[in-house]
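# What the coordinates show
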Amino acid sequence: MTPPRPASRSARRAAATALALACGLVLSACGSSDDAAPHGSPPRSGARSGTTTVTDATHASVEVPAAPERVVALSEMDLDSALALGVKPVGLAAGRGQKGAPEYLGKQAEGIPVVGAVTGPDIEKVVRVKPDVILAGQLSDEQVLAQLRRIAPTVVTIGGDKSWKKSLQLTAKALGRTDRAKKLLADYDSAAATLKKDLGDDAGLSVSVARYSAKGTAVMQQGVFISDVLGDLGFRRPGIQNEPGKGHSTPISDENLHEIDGDWLFIGTLSSAGPDAGLLRTLTDKPAYRELKAVRDGHASVIDGSKWTSLGGAEAAASVLGDIRKAMVK
């Protein structure tokens, strides 16, 4: 009789994930009644001591631990918010163009396992870190959300307007840190007001923000983190940067490179290492780039694209204010 073939590695991994999810369902059902649980949470027997209910960005009610200890952050903004609130997650999704945390959060996020990417979480890896709360960013795939909800209470933290301030406040409720969020926002408002005053007449200048990658140049339009910060300072934006974008950034051809011009230009790449290392030099060597007014005037500043041109958050916002002060305040 021919012995059965050993299961393939992929089959074993799939079985392990299914078993872990099933266990999660069994554990969450233990001791529960037939009452329906809030949307976004594993089945529970109603409100219990040590838990609280939050309304997430999709208007779902999610019952979470009052003081979660094992938090998974599935977006750059979730990671930024959690760290700013004094919580170090047990799992993170790799940042845009990164293998791990966004470069500007690298030291703070050191040692946190990667459990997903911008494209979505790795369910098996999420199970492995045993979260008690999952911060799901702007994840909208209902099938993936259903899988996550079987593992732990899952909070969609980013709304359609992608406001880092609203996301911070929602994350703070989910993590039991609302007082910390209020202080962070008050400190930011104070720093922004002081910077705007110190900028004087320059606060009304036109400021452009662009990112360069192997695919070319892109500008940041309205509806993203950095545009909100620049708006708080009263800056004007050139050309299409005054308009809402269809995606996170808008590609610009070399023929239209003049569209990244302004009184000031802040430009960078997503990473100073790997494929992006030294990449910006390719752009700065182009005649069309050297002809930009901001470049000729010495008003082109190289920035960390992982901070300025990604989802952002409280940590990023405070650091961006510092970058602008260093570049523009005399």
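Residues numbered from 1 in each chain as written. Predicted model: local features only at pLDDT ≥ 70, side-chain atom pairs only at ≥ 80, totals over all residues. Heavy atoms only, no water.

Packing of helix α6 (residues 178-199) against helix α12 (residues 314-328) brings their axes to within 10 Å, and their N-to-C directions diverge by 15°. Relative to α12, the element α6 lies roughly parallel. Judged by the sense of rotation from one axis to the other, the crossing of α6 with α12 is left-handed. Here Tyr 188, Ala 191, Ala 192, Thr 194, Leu 195, Asp 198 and Leu 199 of α6 come into contact with α12, specifically with Ala 317, Leu 321, Ile 324, Arg 325 and Met 328. (Axes fitted to C-alpha atoms, helices over the stretch in contact; angles between N-to-C directions. Helix = DSSP H or I, 4+ residues; strand = E, 2+ residues; numbered from the N terminus. Parallel < 35°, antiparallel > 145°, perpendicular 65-115°, else oblique. Left-handed = near helix turned anticlockwise from the far one by under 90°. Contact = heavy atoms within 4.5 Å.)

Okay, the nonpolar core next. Taken as a class, soluble globular proteins show a tendency for nonpolar side chains to be buried jointly. With 57 residues, the main nonpolar core has Leu 79, Trp 164, Ile 226, Val 229 and Ile 324 as its most contacted residues. Ranked by the residues each element gives to this core, the list is headed by α12, at seven residues. The residues touching Val 229, leaving out its near neighbours within four places in the chain, are Trp 164, Tyr 188, Ala 317, Val 320 and Leu 321. With 18 residues, the next largest nonpolar core counts Val 72, Ile 134, Leu 145 and Val 156 among its residues. (Core = buried A, V, L, I, M, F, W, Y, C linked by side-chain atoms within 4.5 Å. Buried < 20%, exposed > 50% of the residue type's maximum accessible area, 1.4 Å probe, protein only.)

For helix α7 (residues 225-232), the complete set of buried residues consists of Phe 225, Ile 226, Ser 227, Val 229 and Leu 230. Immediately beyond the C-terminal end of α7, within one or two residues, lies Gly 234, with a positive phi of roughly 85°.

A word on the sheet that holds strand β3 (residues 71-73). With mixed pairing, the six strands of this open sheet are ordered in space as β6-β5-β4-β3-β7-β8. At either end of the open sheet lies a strand with only one pairing partner, and these are β6 (120-121) and β8 (154-155). Here two bridges tie strand β7 (residues 133-135) to β8, and the two strands are oriented parallel to one another. Across the sheet, residue Ile 134 finds its bridge partner in β8, namely Thr 154. (Pairing = 2+ DSSP bridges.)

Turning our eyes to something else, we now look at the side chain of Lys 307. With respect to the secondary-structure elements, Lys 307 resides in helix α11 (residues 305-308). According to the relative accessible area criterion, Lys 307 is buried, its value standing at 7%. At a separation of 2.8 Å, a polar atom in the side chain of Lys 307 contacts the side chain of Asp 323. Aside from chain neighbours lying at most four places away, what touches Lys 307 is Tyr 104, Phe 225, Ala 316, Ser 319, Val 320 and Asp 323. (Polar contact = N/O pair within 3.5 Å; in protein donor to acceptor, adjacent residues only side chain to side chain.)

Quick look at the pairing of strand β5 (residues 114-117) now. The pairing of strand β4 (residues 91-93) with β5 spans two bridges and is parallel. Residue Ala 93 lies in a different strand from β5, and its bridge partner there is Gly 116. Of the strand pairs in this sheet, β5 and β6 are connected by two bridges, and their pairing is antiparallel. Residue pairing in the sheet places Ala 117 in a bridge with Gly 120 of β6.

Okay, the environment of Leu 135 next. If you trace the backbone, Leu 135 turns up in strand β7. On the basis of relative accessibility, which here comes to 0%, the residue Leu 135 falls in the buried class. When sequence neighbours within four positions are dropped, the list of residues in contact with Leu 135 reads Val 71, Val 72, Ala 73, Leu 74, Asp 78, Val 155, Thr 157, Thr 171 and Ala 174.

The final tally for this structure, using the stated rule, is three aromatic pairs. Look at Trp 264 and Phe 266: their rings are 6.2 Å apart centre to centre, the planes differ by 20°, and that puts the pair in the stacked class. Residue Trp 264 shares its accessibility class with Phe 266, and that shared class is buried. Where Phe 266 meets Trp 308, the ring centres are 4.7 Å apart and the plane angle is 20°; that geometry is what we call stacked. (Phe/Tyr/Trp six-rings, centres within 6.5 Å; stacked < 30°, edge-to-face > 60°.)

A separate point is the environment of Ile 226. Note on placement: Ile 226 falls in helix α7. The buried category is assigned to Ile 226, whose relative accessible area is 0%. The spacing of Ile 226 and Ala 316 is 90 residues in sequence and 9.2 Å in space, taken between C-alpha atoms. Apart from the residues lying within four places of it in its own chain, the contact partners of Ile 226 are Val 209, Met 220, Trp 308 and Val 320.

Following the criterion strictly, the structure yields ten salt bridges and no others. Ionic pairing is found between Glu 142 and Arg 149, a salt bridge with its closest N-O pair at 3.5 Å. Taking relative accessible area as the criterion, Glu 142 reaches 49% and is therefore assigned partly exposed. Between Asp 263 and Arg 236 there is a salt bridge whose closest N-O contact spans 3.6 Å. In this pair, Asp 263 sits in the loop between β11 (250-252) and β12 (264-269) while Arg 236 sits in the loop between α7 and β11, placing the two residues 27 residues apart along the sequence. Overall, the relative accessible area of 18% leaves Asp 263 in the buried class. Look at Arg 236 and you get partly exposed, because its relative accessible area is 47%. (Salt bridge = Lys/Arg side-chain N within 4 Å of Asp/Glu carboxyl O.)

Next up on the list: the sheet that holds β12. Ordered by their spatial adjacency, five strands build an open sheet running β11-β10-β9-β12-β13, and the pairing between neighbours is mixed. Only two strands of the sheet have a single neighbouring strand rather than two, namely β11 and β13 (300-304). Recorded for the sheet is a direction-independent mean angle of 35° between the axes of neighbouring strands. Here four bridges tie strand β9 (residues 207-213) to strand β10 (residues 216-219), and the two strands are oriented antiparallel to one another. Residue Ala 210 lies in a different strand from β10, and its bridge partner there is Val 219. Running at roughly 130° to β12, α12 makes contact with β12 and β13 of the sheet.

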